[in-house]
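# Analysis of the macromolecular model
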Amino acid sequence: MKKIILFASGSGTNTETIIRYFALQKTAKVEAVFTNNPDAAVVSRAQGLGVPAVVFTKADFESGILLEEIKKLSPDLIVLAGFLWKIPSAFIAAFPNKILNIHPALLPKYGGKGMYGIHVHQAVLANRETHTGISIHLVNEHYDEGALLFQESTSISGCTSAQEVAHKVHELEQKHFSKTIEAYLQNQTYVC
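This is a predicted model, so every value here is computed, not measured. (Residues numbered from 1 in each chain as written. Predicted model: local features only at pLDDT ≥ 70, side-chain atom pairs only at ≥ 80, totals over all residues. Heavy atoms only, no water.)

Along the chain, the regular secondary structure elements total 7 helices and 7 strands. Secondary structure of the chain in N-to-C order comes out as β-α-β-α-β-α-α-β-α-β-α-β-β-α. Counting only C-alpha atoms, the chain reaches 45 × 35 × 30 Å along its principal axes. Taken over 192 residues, the chain has a buried fraction of 45%. A sequence separation of at least 24 residues applies to 68% of the contacts in the chain between residues at least 6 apart. Of the roughly 9,200 Å² of accessible surface on the chain, 51% is carried by carbon and sulfur atoms. (Helix = DSSP H or I, 4+ residues; strand = E, 2+ residues; numbered from the N terminus. Buried < 20%, exposed > 50% of the residue type's maximum accessible area, 1.4 Å probe, protein only. Contact = heavy atoms within 4.5 Å. Areas by Shrake-Rupley, 256 points an atom, 1.4 Å probe, with all protein chains shown as cover.)

In this section: helix H4 (residues 65-73). Three or more residues of H4 are buried, namely Leu 66, Leu 67 and Ile 70. Viewed end-on, H4 has its buried residues packed into an arc of 100°, placing them on one side of the element. Every exposed residue of H4 that faces more than 90 degrees away from the buried side is listed here: Ile 65 and Lys 72. Buried residues along H4 sit in contact with strand E1 (2-8), strand E2 (28-35), helix H3 (58-63), strand E4 (77-80) and helix H5 (89-94). Ser 74 sits one or two positions beyond H4 and adopts a positive phi of about 50°. (Arc of directions from axis to C-beta.)

A few words on helix H1 (residues 13-25). Spanning 13 residues, H1 covers 18 Å between terminal C-alpha atoms, matching the ideal 18 Å at 1.5 Å per step. Residues of H1 that are buried include every one of Asn 14, Thr 15, Glu 16, Ile 18, Ile 19, Tyr 21 and Phe 22, and no others. Where H1 is buried, its residues touch E1, E2, helix H2 (41-48), E4 and helix H7 (162-187). Once H1 finishes, Lys 26 follows within two positions and takes phi at roughly 65°, a positive value. (Expected span 1.5 Å × (residues − 1).)

Attention shifts here to the sheet that holds strand E6 (residues 131-138). Taken in spatial order, the 7 strands line up as E3-E2-E1-E4-E5-E6-E7 in an open sheet, and their pairing is mixed. Every interior strand has two partners, whereas the edge strands, strand E3 (53-55) and strand E7 (148-155), have only one. The sheet shows a mean angle of 20° between the axes of neighbouring strands, taken without regard to direction. Sheet analysis places E6 next to E7, joined by 7 bridges and oriented antiparallel. In the sheet register, Ile 134 faces E7, and the bridge partner there is Glu 152. In the packing of H4 onto the sheet, contacts are made with E1, E2, E3 and E4, and the angle to E1 comes to roughly 155°. (Pairing = 2+ DSSP bridges. Axes fitted to C-alpha atoms, helices over the stretch in contact; angles between N-to-C directions.)

This part takes up the packing of helix H6 (residues 117-126) against H7. Contact geometry for H6 and H7: axes closest at 9 Å, N-to-C directions at 115°. With respect to each other, H6 and H7 are oriented roughly perpendicular. Where H6 crosses over H7, the handedness of that crossing is right-handed. Touching Ile 118, His 121, Gln 122 and Leu 125 of H6 are Ala 162, Gln 163, Val 165, Ala 166 and Val 169, all from H7. Along the lines of polarity and charge, the residues of the contact of H6 with H7 split into 6 nonpolar, 3 polar and no charged. (Parallel < 35°, antiparallel > 145°, perpendicular 65-115°, else oblique. Left-handed = near helix turned anticlockwise from the far one by under 90°. Nonpolar A, V, L, I, M, F, W, Y, C, P; charged D, E, K, R; others polar.)

This part is about the pairing of strand E5 (residues 99-103). Along any regular strand the residues' side chains alternate between the sheet's two faces. For E5, a buried count of 5 out of 5 residues is recorded, marking the element as mostly surrounded by other parts of the structure. Across the two faces of E5 the burial is the same, with Ile 99, Asn 101 and His 103 and Leu 100 and Ile 102 all buried. By the bridge criterion, 3 bridges tie E4 to E5 in an arrangement that is parallel. If you follow Ile 78 over to E5, its bridge partner there is Ile 99.

As a further point, take the packing of aromatic side chains. Two descriptors summarise a pair of aromatic rings, namely the distance from one centre to the other and the angle between the planes of the rings. Within the structure shown, the criterion is met by 12 aromatic pairs. Summarising the aromatic geometry, the rings of Phe 61 and Trp 85 are spaced 5.4 Å apart at their centres and angled 50° between planes, so their arrangement reads as tilted. Of this pair, Phe 61 sits in helix H3 while Trp 85 sits in the loop between E4 and H5, and the two are 24 residues apart along the sequence. Geometry around Trp 85 places Lys 58 over its ring, the cationic atom sitting 4.3 Å from the centre. Above the plane of the ring of Tyr 143 lies Lys 86, whose end atom (NZ or CZ) is 5.5 Å from the centre. (Phe/Tyr/Trp six-rings, centres within 6.5 Å; stacked < 30°, edge-to-face > 60°. Lys NZ or Arg CZ within 6 Å of the ring centre and 35° of its normal.)

This is how it looks when you write it as structure tokens:
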């Protein structure tokens, strides 16, 4: 069985969906959830589902202490599910093509530093886009520039607030994220 480690910084709805999905599929198991936010709801969500939640500091992340801990777990895949910090190059070198991220827009649009969560949806609305979506991609040294694995779009022509856009994007995340992770684990190739 393949081993997945999740990184998250917030509420953990995608994390919960991924844990539940793989508990039923038996193709992979979420071994642990790592978070930089001790107050994040993702901690209680993970623990409630029997998955250890590990809180770490910026110093742990940047010094290599966390990387050594992750290496001991030997994950087949590291999945960023709403994780807000840039992944250090040492992580990328240690786990080449084994770190995935989900972005709440159709990359390359609305990616890069500072483009996360509601900021993305506000920018999409401000530019009067008629569609937005999700992008699941490999992580490299640059924000949101890794190879695309999957994209799905949705119409937002009737949306009048960033929260409405967020809701439509979240539906796509819930529908496609776990399946894309599974497909990538099975093939280790691009799904797009």
